[in-house]
Each structure stands twice: as C-alpha cells, then as structure tokens.
Amino acid sequence: MTRKCHKPAYPVLAMLVTVVGLMTGCATVATSTGETQDPLEPVNRSVYTFNDYLDRYIGKPVADGYVFVTPEFARLGVSNFLDNIRDVNVIVNDFLQGKVKQGFSDSGRFLVNSTFGLGGLFDHATPLGLPQHTEDFGQTLGVWGLGEGPYLMLPAFGPSTARDAPNLLISTFANVLFFVTGPVALSLSALGFIDKRARADQAIQTRDEMAVEPYLFTREAYLQHRRFLVYDGNPPLPEMNLEETYAEMMDDPVLLPDQDDQDSEMRRTVD
Amino acid sequence: MEVSPSSAGEATNVVSRLQTALLTVMKDAKQLGYHGRYKQLALVVEDTHDLLFVARFAVGPQWAKLTEDQRTSLVATFDRLSIATYAARFDGYAGEQFMVISEKSLPRGQGQLVESHFVKPNGEIVHFNYVLRQENEHWKIVNIIVNGVSDLALKRAEYARVLEKDGFQALKAKFEEQIRHYAQER
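This write-up is about the structure you can find in this document. No experiment lies behind these values; they were computed from the predicted model shown.

Cut-offs applied
- Residues numbered from 1 in each chain as written.
- Chains lettered and ligands numbered in written order.
- Predicted model: local features only at pLDDT ≥ 70, side-chain atom pairs only at ≥ 80, totals over all residues.
- Helix = DSSP H or I, 4+ residues; strand = E, 2+ residues; numbered from the N terminus.
- Buried ≥ 20, exposed ≤ 12 C-beta atoms within 10 Å, placed from the backbone.
- Contact = placed C-beta atoms within 7 Å.
- Rg over C-alpha atoms; globule rule 2.2 N^0.38 Å.
- Expected span 1.5 Å × (residues − 1).
- Bend = angle between axes of the 7 residues up to and from the residue.
- Pairing = 2+ DSSP bridges.
- Axes fitted to C-alpha atoms, helices over the stretch in contact; angles between N-to-C directions.

1. Here's the deal with the overall build of chain A
Line of reasoning, step 1. Of regular secondary structure, chain A possesses eleven helices and two strands.
Line of reasoning, step 2. The linear arrangement of helices and strands in chain A, starting from the amino end, is α-α-α-α-α-β-β-α-α-α-α-α-α.
Line of reasoning, step 3. When burial is assessed residue by residue, chain A has 33% of its 271 residues classed as buried.
Line of reasoning, step 4. Pairs at least 24 apart in sequence give 70% of the contacts found in chain A among residues at least 6 apart.

So this is what it looks like as structure tokens:
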C-alpha cells in the first residue's frame, strides 16, 4: 500500500513542510516493507555496526552500572523528571497536530508534575487522569501528510527517517536543559542518555533474542512502530498478498495431511 | 474469502483460547519451567496458528527454490521455534491481563482482525492484534501485530534476505540456535 503525500492542513507551516519535503523527497511509501525505503542500506549497515559496538562497549555497561548502583525508586524519579522535561516537546507537537484537548491535558500534566510532583520527580498526574502521551515532530510531519522518506541509521541515536530526524533539533530546543549551561546541565543530559538506554534494555534484549537478521528486524520494527504512532494506534494494515500465498500452497506437497500430522507429532516430542 | 454470519466471533474464540493458555502458563511459569511451558503450549499453538502458512509466506519467493525435503525440514524447525518463542517470552506473571476489544472482517477477504489489549499491572496497554484466516472451516492465526509491528512482515523481511544471501542451511541454523538459546536461558 502506498500513501500519497499531500498538502499540509496548516498553511502557515507549509514552508517548513516544503523544506523537509525536499529533504525526504516526498516519496510514496511502501507500508509492507522497508526494502524500497532504504536506498542508503550499505551506509546504514555500517552505522548500525558502529552503534552496536558503541552500545556493547559503552552504552550497555554504563546503563547496567547505573541500574546496579541506583535504587529502583531513584531511577523512577530520574525517569519521571526527564519525562516531565520532555513533556514540553509533547505539548508543542500536540498543538501542532491540532490535538487541542490532548494538548491541554498534557499541559495540565506538566503543571501538576512540575509543582506537586516536585519538579517532575513524582508522577502525580497519571492517577489524576492525565496520562502520558507520545508525540514528537516526526509524528507531526506524518500527521501533516509528509512521507517518511529514506530510512536513516544515525550514529549514536539509532534508527530514524528523513522525516523523523528533524525531531532531534526540535526536541533539543524544546528541552529546558538546552538553555541551561554548566556542568549540571551537562550531567543531566548525560543522565538522559543513560536513562533512555536503561529503559530500552528489555526491548534490545528482545531484539537480540528474536532477530534472525538484526539490521532488518530493527528497520522493519522501527518503521512499523512509527506508523503506529503517527496513526495514534490505528495504522492501515500492511498490504501483504496473503491470497497469493494460499493459492500457491494448494499444490505444495508439504501441505499433505499425513506429512502435516507427522510434523505435528515430531514438534510435540522434540524441544 | 467471505465470512458467514455464523462464523462471527469464531476468530475471537481462537484468540481467547491462545490467550487463556498463555496466562495459564504465565501463572505457573516457575513450576513448569521452560520445558513444561513448551509442552503445555505446543498443542494450543499448533491448533490456533497456521504455522505452515506463516513459514511459507515469510520465506517468500525463495520458497520455489527449496527442495521438498528442505521445505518440510524448515517448516518443522519453524514450528518448534514458534512454540519455543512463546514458552520463553511468557515466563512469569505479575497480574497481566488480556482483553479482546473487537473483531472485524478485513477488506478483500483477507480474513478477520481480532484486536486485543495486553494490560500490564501498571496500566500500560500493549496492543495485540491478530489476523486470522479460515481454512477448512477453522480460523487460524497468521499474523500478530504488537503495537503496530507485524510479526509476519518482520519475518518476511528477515527470512527472505537470509535465504537469498546465506542459503537454506544458514536460516535453519539460525532457527536452531534461537531454540537452543531459549531453552538455555530459562
């Protein structure tokens, strides 16, 4: 299935979309596979290998050490604090996407957690019915109708697309730590990286266990999950020609019932 | 494929059967151990999934280049891997619940879509959507979409490439390696 690029719903932002559109090529996007979306695959694979080494020798050991020496309640406080700062970026993108109600809800969340939550250390907003949302500028561009553009593997930052990459810049400006200088701000930024890596540990472990081809697994999972976020949990199903495969299977000897039964028996006894 | 009114809800029953079995092994995970979970899940996974179709679809055009023995061998190993993956991943219980949200027909006879939520103890929701196809009057799961990520699409991208680049033995060896890894870790 392809999704057409169309004009943004917000004329005042047309110029910005045009600029990013030129960057992404406003290409139609195959939703069933990232194959056609990865023209830079050789370069991306090299960066993926670099990131893998970086994570193996720095990211994971540092995150493991952080988890080991920091009590769980303290890590939760750090995560809450950093999430609260990042909520500003969420609020900006809520409104850019025209999600006014969600924007006010997230603004309320930010106010509650910044005050009663002691600067964001505690999440008092969620129990009050102000849940956390996930919005960023890449999603905003998607909501405006911009195509994903080529898949990119960014050094140190990981998977992205031409449409998602500008979020790095926007989220930096929307982060209050950017406007604070000195060693404290630097330490908090470093803590942000460590916290993110520690929280991603389970997902990375799952990928390492389940992936037959980790680069492709990462690419496909990233692209599909981003579509899920852009469509707020209701993306169009990937177009896969299931019927054709069924038709081909009709003449396949592996389908013979006795063979299938034998396989089933073998699977139950061999593990 | 047309869906008769009488079959409405049958796809949901298949998904519910799988999810009930998963919650059961999750609750008894420690007593059962990996091998106990594998044995308990084997039959229900085979009954509720069309694993032959999943393997065939995931391999893609490369399937035509495999011999009959290779196909049979690959499917058998893939079936063991599928059961092993469930046995390894659903290895504990902390109050999680499955909730079926809806069932609807997919356009152009692509089957039924059963939408469900996996609710974690902290209230976090993971979207587990299942695509089922009807074959010989039985509905079977052919795709699981977790938070928008299609298992079938992932497998198709990976398997086709490994077969094309490294060949049949390499793909089968990867399956076996994963099965051993799952059995050792738990």
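There's plenty left to go through after this.
2. Considering the overall build of chain B
Line of reasoning, step 1. Each helix and strand counted, chain B has six helices and five strands in total.
Line of reasoning, step 2. In chain B, the order of α-helices and β-strands from amino to carboxyl end is α-α-α-α-β-β-β-β-β-α-α.
Line of reasoning, step 3. By the compact-globule yardstick of 16 Å for 186 residues, chain B fits well, its C-alpha radius of gyration being 17 Å.
Line of reasoning, step 4. Along the longest, intermediate and shortest principal axes, the C-alpha atoms of chain B span 45 × 45 × 25 Å.
Line of reasoning, step 5. A burial count over chain B gives 42% of its 186 residues as buried.
Line of reasoning, step 6. In chain B, the proportion of contacts linking residues at least 24 apart, taken out of those at least 6 apart, comes to 60%.

3. Things to note about the environment of Gly119(A)
Residue and element names in this part refer to chain A.
Line of reasoning, step 1. Counting through the fold element by element, Gly-119 comes out in the loop between helix H4 (100-115) and helix H5 (137-143).
Line of reasoning, step 2. Given 13 C-beta atoms within a 10 Å radius, Gly-119 is considered partly exposed.
Line of reasoning, step 3. Spatially, the C-alpha atoms of Gly-119 and Asp-38 are 42 Å apart, while their sequence positions differ by 81 residues.
Line of reasoning, step 4. Excluding residues that lie within four positions of it along the chain, Gly-119 makes contacts with Phe-81 and Ser-114.

4. Considering helix H2 (residues 41-69) of chain A
All names here are of chain A.
Line of reasoning, step 1. Between its first and last C-alpha atoms H2 spans 39 Å; for 29 residues at 1.5 Å apiece the expected length is 42 Å, and the two agree.
Line of reasoning, step 2. Along H2, the sharpest kink reaches roughly 50 degrees, centred on Asp-55.
Line of reasoning, step 3. Within the sequence span of H2, burial applies to Asn-44, Gly-59 and Ala-63.

5. What to know about the sheet that holds strand E2 (residues 112-119) of chain B
All names here are of chain B.
Line of reasoning, step 1. The sheet built from five strands is open, its strands ordered E1-E2-E3-E4-E5 with antiparallel pairing. Each end of this open sheet is capped by a strand with a single partner; those strands are strand E1 (97-105) and strand E5 (149-150).
Line of reasoning, step 2. The strands touched by helix H1 (residues 10-27) within the sheet are E1, E2, strand E3 (125-135) and strand E4 (138-146), with E1 carrying the most contacts at an inclination of about 165 degrees.

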